[in-house]
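For reference, the chains in residue letters:
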Amino acid sequence: MDRQLLLSKLKTIVASYSHDKDALEYLNETTDFTKDLKINSANLVDVVLDVEEEFDIEIDNLSMERMLNVSAAIEIIETKLKEK
Amino acid sequence: MIGNDIVDLYQADADSNWRRKGYLQKVFTMEEQQLIQTSSNPCQMVWLLWSMKEAVYKIHSRKKNWQAFAPGKLCCTEVKISGQCASGVVTCQRVRYFTQSSLCPDFIHTIAGESFPVEAARIRISSYDPSDLSYRNTAPATVSHHGRYLALAYL
């Protein structure tokens, strides 16, 4: 999947849980889910579940541990898509 | 070292649907899921266990310089509820921590420490005003805010 498309799909998902609209607007690979987007940790679970549904992949616990920012999320999604 | 966590139950209900498919499995161990399923108040149990994990994560992440989103690695055991008070043990990477929680109709607050009983701490819970950061000058040992509430603990 094209990286831009992947990023825009991810942006749509995190938009529902972000409490910082400016950070969301300027979302890029260095954006941190909790520090920048102010997503609360209970909603990080929703981000993971939404990503699983959107891309039809399974995110194991080890991958979830690292899913703290956009670049890690993209890398995990790309890896899981390749494994399909 | 101590850590605390407050859950505004109204905010949690508005923001999170823990009944969604797959949610509990991502966050809770089998034993914890059992506690939730058999509880007479599953919603309270979900947020009690959650606040125990969060409070302990605050200590463990600072002590071990460990940053991860791994709620399943913080395992709650020995959870005892008596009226409005709860206690429990949370183990993370083989380190045991102890928690004491207050169960109120509107919020749950947990304080965690490295020994039992948890180090004597003065706890102050007030309404949270994001524009008022004056509490930072009072040097709290641990801070948590969620929804309508600000919880500070002092040693």
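These numbers come from a predicted model, not from an experiment.

Please set out the overall build of chain A residue by residue, giving values where relevant.
Looking only at helices and strands, chain A has 5 helices and 0 strands in total. Along its sequence from the N terminus, chain A presents helices and strands in the succession α-α-α-α-α. For 84 residues, the compact-globule estimate of 2.2 N^0.38 gives 12 Å, and the C-alpha radius of gyration of chain A, at 12 Å, lies within 12% of that figure. The principal-axis extents of the C-alpha atoms in chain A amount to approximately 35 × 25 × 20 Å. For chain A, with 84 residues in total, the buried portion stands at 50%. Excluding contacts between residues fewer than 6 apart, the proportion of contacts in chain A whose partners are at least 24 apart in sequence is 48%. With the model as given, the accessible surface of chain A reaches about 4,300 Å², and the carbon-plus-sulfur share is 49%. If the 10 positive side-chain charges of chain A are averaged to one point and the 19 negative ones to another, these points end up 3 Å apart.

I'd like a description of the overall build of chain B, backed by residues and values.
Helix and strand counts for chain B come out as 4 helices and 8 strands. From first element to last, N terminus to C terminus, chain B shows the α and β order β-α-α-α-α-β-β-β-β-β-β-β. Per-residue burial over chain B gives 48% buried out of 155 residues. Of all intrachain contacts in chain B linking residues separated by at least 6 positions in sequence, the fraction that spans at least 24 positions is 55%. Total accessible area computed for chain B in this model is approximately 7,800 Å², and 50% of it derives from carbon and sulfur atoms. One way to put it: in chain B the 17 positive side-chain charges average out to a point 7 Å from where the 13 negative ones average out.

Tell me about the UniProt feature "domain: 4'-phosphopantetheinyl transferase" (unreviewed entry) in chain B, and please be specific about residues and values.
According to UniProt, the "domain: 4'-phosphopantetheinyl transferase" (unreviewed entry) feature falls on residues 2-62 of chain B. Between the first and last C-alpha atoms of residues 2-62 of chain B the distance is 10 Å; the span itself is 69% helix and 10% strand.

Could you give an account of the pairing of strand β3 (residues 85-92) of chain B, with specific residues and numbers?
One face of the sheet, then the other: side chains in a regular strand alternate in exactly this way. Residue and element names in this part refer to chain B. The pairing of strand β2 (residues 74-82) with β3 spans 7 bridges and is classified as antiparallel. For Cys-76, the partnering residue across the bridge sits in β3 and is Val-90. In this structure, the hairpin formed by β2 and β3 is closed by a connection of 2 residues, where Gly-83 is found at a positive phi of approximately 60°. Looking at chain direction, β3 and strand β4 (residues 95-103) are connected through 8 bridges and run antiparallel. Across the sheet, residue Cys-85 finds its bridge partner in β4, namely Ser-102. The turn linking β3 back onto β4 is made up of 2 residues, and Gln-93 within it adopts a positive phi angle of 45°.

Explain the sheet that holds β3 of chain B residue by residue, including any values.
Residues and elements named next belong to chain B. Judged by pairing direction, the sheet is antiparallel, and its 5 strands sit side by side in the order β1-β5-β4-β3-β2 without closing on themselves. If you trace the sheet from one side to the other, it starts and ends with β1 (3-8) and β2, each paired once. For this sheet, the mean inter-axis angle between neighbouring strands, taken without regard to orientation, is 20°. As defined by bridge partners, β4 adjoins strand β5 (residues 107-113) across 6 bridges and the pair is classed as antiparallel. The partner of Thr-99 across the bridge, within β5, is Ala-112. Along the sheet, helix α4 (residues 42-64) contacts β1, β2, β3, β4 and β5; its crossing angle with β1, the most-contacted strand, is approximately 150°.

Reading guide: rules and limits
- Residues numbered from 1 in each chain as written.
- Chains lettered and ligands numbered in written order.
- Predicted model: local features only at pLDDT ≥ 70, side-chain atom pairs only at ≥ 80, totals over all residues.
- Heavy atoms only, no water.
- Helix = DSSP H or I, 4+ residues; strand = E, 2+ residues; numbered from the N terminus.
- Rg over C-alpha atoms; globule rule 2.2 N^0.38 Å.
- Buried < 20%, exposed > 50% of the residue type's maximum accessible area, 1.4 Å probe, protein only.
- Contact = heavy atoms within 4.5 Å.
- Areas by Shrake-Rupley, 256 points an atom, 1.4 Å probe, with all protein chains shown as cover.
- Lys, Arg positive; Asp, Glu negative; His and termini not counted.
- Charge placed at Lys NZ, Arg CZ, Asp CG, Glu CD.
- UniProt positions renumbered as here; feature names shortened; annotations may be inferred.
- Pairing = 2+ DSSP bridges.
- Axes fitted to C-alpha atoms, helices over the stretch in contact; angles between N-to-C directions.

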